[in-house]
Amino acid sequence: MQEGPTPFTRHLRIREDRGHTVLEFRGEIDIAAATEIAPALDRITDRPGVRIVIDLRSVEFFDCSGLRLLYRARSRVLERGGRLQLVCTHPLILRVFRVTGLSRLLPPQATLEAALERPEAASGSL
């Protein structure tokens, strides 16, 4: 059952949807935002077998601090037997993912619906 969005910080909303924890990053994801997001992300990625979708559609700016968050989340989820999927449509952010190789490890989906319906793990291998 889908629950309404729960504001957590200015840069993060968390909700449950079809057995996934959806983390919606919002605004500018820089070092200040990463500092706000990291504790919640660590709590969620600490659960065994967790299924997470990180939704970046509401992100306007994304720097290396955001990349560190995603790489850390991916590692933690895989270590605990979970799945992590990514939703992103912003052309400049997608370009950063391609240049850094993140798009091979976490292939971004164009819609939240596609990420929620994808049966296999999209988090690549360790």
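Criteria and cut-off values
- Residue numbers run consecutively from 1 along every chain, following the written order of its sequence.
- Where local features are concerned, this predicted model is filtered to residues with pLDDT of at least 70; where side-chain atom pairs are given and counted, the filter is 80 or more; whole-chain, interface and lining totals use all residues.
- The side-chain quantities take in all heavy atoms of the structure and omit both hydrogens and water.
- Strands here are runs of E lasting at least two residues and helices are runs of H or I lasting at least four, both read from the DSSP assignment and numbered beginning at the N terminus.
- In a helix, the anticipated span is given by 1.5 Å times the number of residues less one.
- The reported bend at a residue is simply the angle between two axes, fitted to the 7 residues ending at it and to the 7 residues beginning with it.
- Type-normalised accessible area, obtained with a 1.4 Å probe on protein chains alone, sets the label of each residue: buried when under 20%, exposed when over 50%, and partly exposed for intermediate values.
- Polar contacts here mean pairs of N or O atoms no more than 3.5 Å apart (in protein, one a potential hydrogen donor and the other a potential acceptor; neighbouring residues in sequence count only if both atoms are side-chain atoms).
- Within this scheme, the nonpolar core is defined by two criteria: the residues are buried Ala, Val, Leu, Ile, Met, Phe, Trp, Tyr or Cys, and they are joined through side-chain atoms within 4.5 Å.
- The criterion used for residue contact is that any of the two residues' heavy atoms lie within 4.5 Å.
- For every residue, the pLDDT score states the predictor's confidence, bounded by 0 at the bottom and 100 at the top.
- Stacked, edge-to-face and tilted are the three classes for Phe, Tyr and Trp ring pairs, Trp counted by its six-membered ring, which pair at centre distances within 6.5 Å; planes under 30 degrees apart are stacked, over 60 edge-to-face, the rest tilted.
- Following DSSP output, two strands are said to pair if at least two bridges run between them.
- Here is how to tell: hold the view so the strands point away, follow the path from the first strand over the helix to the second, and if it runs clockwise the crossover is right-handed.

The terminal C-alpha atoms of helix 1 (residues 31-45) lie 20 Å apart, and with 15 residues this matches the ideal 21 Å at 1.5 Å per residue to within 8%. Isoleucine 37 marks where helix 1 bends most, by close to 40 degrees; the proline proline 39 follows one to four residues later. Buried within helix 1 are the following residues: Ala33, Ala34, Ile37, Ala40, Leu41, Ile44 and Thr45. Near the N-terminus of helix 1, the side chain that reaches the backbone nitrogen of alanine 32, with its oxygen 3.2 Å away, is that of aspartate 30.

Here the focus is the nonpolar core. In this structure, Leu23, Phe25, Ile54, Leu56, Phe62, Leu70 and Phe97 are the most contacted members of the largest nonpolar core, which totals 30 residues. Of all the secondary-structure elements, those providing two or more residues to this core are strand 2 (12-17), strand 3 (20-29), helix 1, strand 4 (51-62), helix 2 (64-79), strand 5 (83-87) and helix 3 (91-100). Take this core: its biggest share by element is 6 residues, from helix 1. With sequence-adjacent residues up to four places away left out, phenylalanine 62 is seen in contact with Ile29, Leu56, Leu67, Leu70, Ile93 and Phe97. Judged by nonpolar contacts, the second largest core, of 6 residues, contains Val22, Leu112, Ala115 and Leu116.

All right, on to the confidence of the model for the protein chain then. Averaged over all residues, the pLDDT of the protein chain equals 90, while 87% of them reach at least 70. In this model, residues 1-7 is a region of pLDDT below 50 whose contacts with residues beyond four sequence positions or in other chains number 14 contacts.

All right, on to the packing of aromatic side chains then. Here the structure, examined in full by the defined rule, presents 1 aromatic pair. Note on phenylalanine 62 and phenylalanine 97: the rings are 5.7 Å apart at their centroids and 90 degrees apart in plane angle, and the pair reads as edge-to-face. Pair noted here: phenylalanine 62 is in strand 4 and phenylalanine 97 is in helix 3, with a separation of 35 residues, a long-range link. The pair formed by phenylalanine 62 and phenylalanine 97 is uniform in burial state, with each residue classed as buried.

Turning next to the pairing of strand 4. Where strand 3 and strand 4 come together, 8 bridges link them in parallel fashion. Residue pairing in the sheet places valine 22 in a bridge with valine 53 of strand 4. Crossover strand 3 to strand 4 through helix 1 is right-handed. One ladder, built from 5 bridges, connects strand 4 with strand 5; its direction is parallel. Bridge pairing links isoleucine 54 to leucine 86 in strand 5. For the segment spanning strand 4, helix 2 and strand 5, crossover handedness is right-handed.

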